[in-house]
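Residues per chain are reported as follows:
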Amino acid sequence: MAPKTDNTEAIVLNFVNEQNRPLNTQNAADALQKFSLKKTAVQKALDSLADAGKITFKEYGKQKVYIARQDQFEIPNSEELAQMKEDNAKLQEQLQEKRKTISEVESEIKSLQSNLTLEEIQEKDAKLRKEVKEMEEKLFKLREGVTLVRPEDKKAVEDMYSDKITQWRKRKRMFRDIWDTVTENFPRDIKEFKEELGVEYDEDVGLSLQAYSDLIPHGKKRGRGQ
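Keep in mind the model is a prediction, meaning the values are calculated, not measured.

Cut-off values and rules
Residues numbered from 1 in each chain as written. Predicted model: local features only at pLDDT ≥ 70, side-chain atom pairs only at ≥ 80, totals over all residues. Heavy atoms only, no water. Phe/Tyr/Trp six-rings, centres within 6.5 Å; stacked < 30°, edge-to-face > 60°. Helix = DSSP H or I, 4+ residues; strand = E, 2+ residues; numbered from the N terminus. Pairing = 2+ DSSP bridges. Patch = residues over 30% accessible without salt bridge, like charges linked within 9 Å, V, L, I, M, F, W, Y side chains within 5 Å. Areas by Shrake-Rupley, 256 points an atom, 1.4 Å probe, with all protein chains shown as cover. Salt bridge = Lys/Arg side-chain N within 4 Å of Asp/Glu carboxyl O. Lys, Arg positive; Asp, Glu negative; His and termini not counted. Charge placed at Lys NZ, Arg CZ, Asp CG, Glu CD. Core = buried A, V, L, I, M, F, W, Y, C linked by side-chain atoms within 4.5 Å. Buried < 20%, exposed > 50% of the residue type's maximum accessible area, 1.4 Å probe, protein only. Contact = heavy atoms within 4.5 Å. Expected span 1.5 Å × (residues − 1). pLDDT = per-residue confidence, 0-100.

## What to know about the packing of aromatic side chains
Working step 1: All told, the structure shown has 6 aromatic pairs when counted by the stated rule.
Working step 2: Arranged with centres 5.8 Å apart and planes meeting at 20 degrees, the rings of Phe175 and Trp179 form a pair that is stacked. One end of the pair is Phe175 and the other is Trp179, both in helix 6 (residues 151–183) and 4 residues apart, which spans about a single turn.
Working step 3: On the numbers, 6.4 Å between centres and 70 degrees between planes, the contact of Phe175 with Tyr201 is edge-to-face.

Take a look at the structure:
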């Protein structure tokens, strides 16, 4: 329910005095919506207050701008104004300190919120304990000489590795045969020719067929000519 006319004028007058700055009808209506005042009621109250001399106004075309009467306010002298500026500077400094404190508290809250809850800690602890137990069991088996890899899996890997070494040896021999044939009686420097083609020996890149062959378990090695 909207306030009565007298009450409306009192609300509008109090608002204009508190703001003490130029206001149009829309400014006042927007700010006074919390009092359930409509724009037409605010306009009527502003005009009534202006007619009664309680506020002043100026017209700019079709629009009126209202302002509080300045003769009702005490104007500070130079000393009072200087004191007000000093007080304002102190208040600004206190405000910055408060903002800094609030920021630190908010950061602390975020940090606490990012920490694990007691339930999450307990779940993680149980998971880690289980993993540690499993690792200890594996370590115990290794110390006891128990093989953790199935024999058939081990044999499959060894056979595959041995086959790859055999293929490496065959291809290396094939290349050397072709290379020796091509470069036999070659008029140019062989080393320069090799670099020009981008050919690299195993030794050029730090590889040794023999070193990899030595990794094959005893009894599975094949002869160099195989």
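## Some points on the pairing of strand 1 (residues 55–60)
In the case of a regular strand, side chains alternate between the two sheet surfaces.
Working step 1: When strand 1 meets strand 2 (residues 63–68), the two strands line up antiparallel, connected through 6 bridges. Note on strand 2: the bridge partner recorded for Tyr60 is Gln63.
Working step 2: Counting the residues in the hairpin turn of strand 1 and strand 2 gives 2 residues, including Gly61, whose phi is positive at 70 degrees.

## Remarks on a negative patch on the surface
Working step 1: Among the surface-exposed residues, Glu131, Glu134, Glu136 and Glu137 lie close enough to one another that they form a single negatively charged patch.
Working step 2: As for its position among the elements, Glu137 is in helix 5 (residues 118–143).

## Remarks on the nonpolar core
Working step 1: With 18 residues, the main nonpolar core has Val12, Val16, Leu32, Leu37, Val42, Leu46 and Ile55 as its most contacted residues.
Working step 2: For this core, the secondary-structure elements that each account for two or more residues are helix 1 (5–19), helix 2 (25–31), helix 3 (39–51) and strand 2.
Working step 3: With near-sequence residues (within four places) excluded, Val16 lies in contact with Leu23, Leu46, Ile55, Ile67 and Ala68.

## Concerning helix 6
Working step 1: Helix length check: helix 6 (33 residues) gives 48 Å between terminal C-alpha atoms against 48 Å at 1.5 Å per residue, within 8%.
Working step 2: Along helix 6, the positions that sit buried rather than exposed are Glu158, Ser162, Ile165, Thr166, Arg169, Trp179 and Thr183.
Working step 3: Packing partners of the buried residues in helix 6 comprise helix 7 (190–197) and helix 8 (209–213).
Working step 4: Backbone geometry just downstream of helix 6 places Asn185 in the positive-phi region, at approximately 60 degrees.

## Structural notes on the pattern of salt bridges
Working step 1: For the structure on display, the rule yields 9 salt bridges.
Working step 2: Among the salt bridges present, the one from Asp202 reaches Lys172, with a minimum N-O distance of 3.5 Å. Of the two residues, Asp202 is situated in the loop between helix 7 and helix 8 and Lys172 in helix 6; the sequence distance between them amounts to 30 residues.
Working step 3: Classification of Lys172 as partly exposed rests on a relative accessible area of 27%.

## Observations concerning a nonpolar patch on the surface
Working step 1: A cluster of nonpolar residues, Val205, Leu207, Tyr212 and Leu215, forms a patch on the protein surface that exposes about 350 Å² of accessible area.
Working step 2: Looking at the secondary structure, you find Val205 in the loop between helix 7 and helix 8.
Working step 3: Val205 gets classed as partly exposed once you look at its relative accessible area, which sits at 43%.

## Remarks on unusual backbone geometry
Working step 1: Look at Asn20: it is not a glycine, yet its phi comes out positive at around 45 degrees.
Working step 2: Looking at where Asn20 falls in the secondary structure, it is placed in the loop between helix 1 and helix 2.
Working step 3: Judged by its relative accessible area of 32%, Asn20 falls in the partly exposed class.
Working step 4: With a phi close to 60 degrees, Asn185 is a non-glycine residue in the positive phi region.
Working step 5: Tracing the backbone through its elements, the reader meets Asn185 in the loop between helix 6 and helix 7.

## Some words on the confidence of the model for the chain
Working step 1: Chain-level pLDDT for the chain is 85 on average; 92% of the residues reach the 70-or-more range.
Working step 2: Looking at the elements of the chain, mean pLDDT is at its lowest for helix 7, recorded as 84, and at its highest for helix 3, recorded as 94.

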